[in-house]
Amino acid sequence: MPAEQVIEQEPAAAPLLAGDRIEMLRAFTADLGTRGEQLGLIGPLEAPRLWTRHVLNSALLAPLIGSGAQVADIGTGGGMPGLVLAIVRPDAHFLFVEPMERRCAWLQEQIEVLGLENAEVRRGRAEEFHDAWEVDQITARAVTALRKLVPLTAPLLRDGGEMLFLKGAAVDAEIEAAAKVLRKFRLRDVAVVELGADLFAQELLAETTRVFRAKIVRHG
Ligand SMILES: C[S@@+](CC[C@H](N)C(=O)[O-])C[C@H]1O[C@@H](n2cnc3c(N)ncnc32)[C@H](O)[C@@H]1O
């Protein structure tokens, strides 16, 4: 049996990003680090980079969430980024869209254990909710490439709503490959935003995060 992985020590940026929600974020991270691999929520090598690569990578998105916004997080899985954002942004409301039953059970358990009042799980694939909702913002991480993610998520957004997708180093190539769907779904103000550069410069965080950001403008 492989040796148990040690959970990464909490980076100095964590309390700065979580503010008075830090204890909640610590409880979630500890639970994910302890049970996440066994439940198939994180890979076998992820515990030593759990804070940096997963939890804080998600929390960095928090300043882009609108106050009072209705947000759908697509493919929440073990909780990234939706559950982390629901913890650090109690002033916004989150729907966790996830097709896998075991992952939904984990997310529901976390909502109850943490006492989160601003989050709900919706079991299913994003396409099952097309035209049923008109949310303000959509978040997603590690679900699929942009050229597939945009058609999956655009019908869930209100006119003027926004996509915020955590992406890796290949984001520019993904945007290029998605040029046709970006036009088809009338996305505007397409940008790649780098988050966490200030914390990185102060050596409080080991990595920055890239976000694909765009607005949908159906009329005009
Ligand atoms: C690689 S995991 C990423 C999980 C989490 N977002 C993260 O970054 O750790 C992809 C997740 O997307 C979910 N998923 C795949 N296709 C989906 C769809 N069409 N709609 C909603 N969720 C989907 C999967 O069930 C899985 O939990």
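Above this text you will find the structure in question.
The rules behind the values
Residues numbered from 1 in each chain as written. Predicted model: local features only at pLDDT ≥ 70, side-chain atom pairs only at ≥ 80, totals over all residues. Heavy atoms only, no water. Core = buried A, V, L, I, M, F, W, Y, C linked by side-chain atoms within 4.5 Å. Buried < 20%, exposed > 50% of the residue type's maximum accessible area, 1.4 Å probe, protein only. Helix = DSSP H or I, 4+ residues; strand = E, 2+ residues; numbered from the N terminus. Axes fitted to C-alpha atoms, helices over the stretch in contact; angles between N-to-C directions. Parallel < 35°, antiparallel > 145°, perpendicular 65-115°, else oblique. Left-handed = near helix turned anticlockwise from the far one by under 90°. Contact = heavy atoms within 4.5 Å. Salt bridge = Lys/Arg side-chain N within 4 Å of Asp/Glu carboxyl O. Near = heavy atom within 4 Å. Polar contact = N/O pair within 3.5 Å; in protein donor to acceptor, adjacent residues only side chain to side chain. Areas by Shrake-Rupley, 256 points an atom, 1.4 Å probe, with all protein chains shown as cover. Nonpolar A, V, L, I, M, F, W, Y, C, P; charged D, E, K, R; others polar. Phe/Tyr/Trp six-rings, centres within 6.5 Å; stacked < 30°, edge-to-face > 60°.

Asker: Explanation requested: the nonpolar core in the structure shown.
Answerer: For soluble globular proteins, the rule of thumb is that nonpolar side chains tend to be buried together. Ranked by size, the top nonpolar core spans 45 residues in total, and within it Leu25, Phe28, Leu32, Leu56, Leu61, Phe94 and Phe96 carry the most contacts. When contributions to this core are tallied by element, the ones reaching two or more residues are α1 (13–18), α2 (22–35), α3 (50–59), α4 (82–88), β2 (93–98), α5 (101–114), β3 (119–123) and β5 (157–167). Among the elements that make up this core, the one with the highest residue count is α4 (six residues). One finds Val135, Val150, Ala154 and Ala178 within the second-largest nonpolar core, a separate group that totals 28 residues.

Asker: Even after reading the chapter, I still don't get the packing of α2 against α3, so can you show me in this structure?
Answerer: Angle between the axes and distance between the axes are the two parameters that describe a pair of packed helices. In the contact formed by α2 and α3, the axes pass within 12 Å of each other and the chain directions differ by 125°. Looking at the two axes, α2 sits oblique to α3. Every pair of crossing elements has a handedness; the one defined by α2 and α3 is right-handed. Residue-level inspection shows Leu25, Arg26, Thr29, Leu32 and Gly33 of α2 in contact with α3, the latter providing Leu50, Trp51 and Val55.

Asker: Got a minute to help me understand the environment of Lys215 in this structure?
Answerer: Inspection of the secondary structure puts Lys215 in strand β7 (residues 209–216). Note: C-alpha distance between Lys215 and Ala173 (42 residues apart in sequence) is 19 Å. Lys215 has contacts with Gly160, Gly161, Glu162, Arg186, Leu187, Arg188 and Asp189, leaving out every residue within four places of it along the chain.

Asker: I tried to follow the pattern of salt bridges on my own but got confused; where do I start?
Answerer: Here the idea is simple: oppositely charged side chains can pair when their charged atoms come close. For the coordinates displayed, the defined rule picks out 13 salt bridges. Across the pair Arg53 and Glu207 runs a salt bridge whose closest N-O atoms are separated by 2.8 Å. Here Arg53 is found in helix α3, whereas its partner Glu207 is found in the loop between α9 (197–201) and β7, with 154 residues between them in sequence. You can call Glu207 partly exposed: its relative accessible area is 27%. Here Arg213 makes a salt bridge to Glu162, at a shortest N to O gap of 2.6 Å. Of this pair, Arg213 sits in strand β7 while Glu162 sits in strand β5; the two residues are 51 residues apart in sequence, bridging distant segments of the chain. The exposure class assigned to Arg213 is partly exposed, which follows from its relative accessible area of 27%. The structure contains a network of salt bridges with shared partners spanning Glu10, Glu23 and Arg26.

Asker: So what exactly am I meant to see when it comes to the site of the ligand here?
Answerer: Taken together, 17 residues are adjacent to the ligand, and Gly75, Met80, Glu98, Arg103 and Arg141 come closest. Taking Gly75, its main chain carries an N or O atom lying 2.7 Å from a nitrogen atom of the ligand. Starting from 600 Å² of accessible surface for the ligand in isolation, the protein chains cover 80%. Broken down by class, the residue content of the shell around the ligand amounts to nine nonpolar, three polar and five charged.

Asker: Is there a simple way to think about the packing of aromatic side chains in this case?
Answerer: Two aromatic rings, taken as a pair, are described by how far apart their centres are and by the angle between their planes. Applying the stated criterion to the full structure yields three aromatic pairs. Centroid distance Phe28 to Trp106: 6.4 Å. Interplanar angle 50°. Geometry classified as tilted. Remark: Trp106 occurs in helix α5 and Phe28 occurs in helix α2; sequence separation between them is 78 residues. Like Phe28, the residue Trp106 is buried in the burial classification. Look at Phe165 and Phe212: their rings are 5.9 Å apart centre to centre, the planes differ by 10°, and that puts the pair in the stacked class. Of this pair, Phe165 sits in strand β5 while Phe212 sits in strand β7, and the two are 47 residues apart along the sequence.

Asker: How do you make sense of the environment of Glu134 when you look at a structure like this?
Answerer: Note that Glu134 resides in the loop between β3 and β4 (135–141). For the pair formed by Glu134 and Leu157, sequence separation is 23 residues and the distance between their alpha carbons is 4.7 Å. The residues contacting Glu134, other than those within four sequence positions of it, are Leu156, Leu157 and Arg158.

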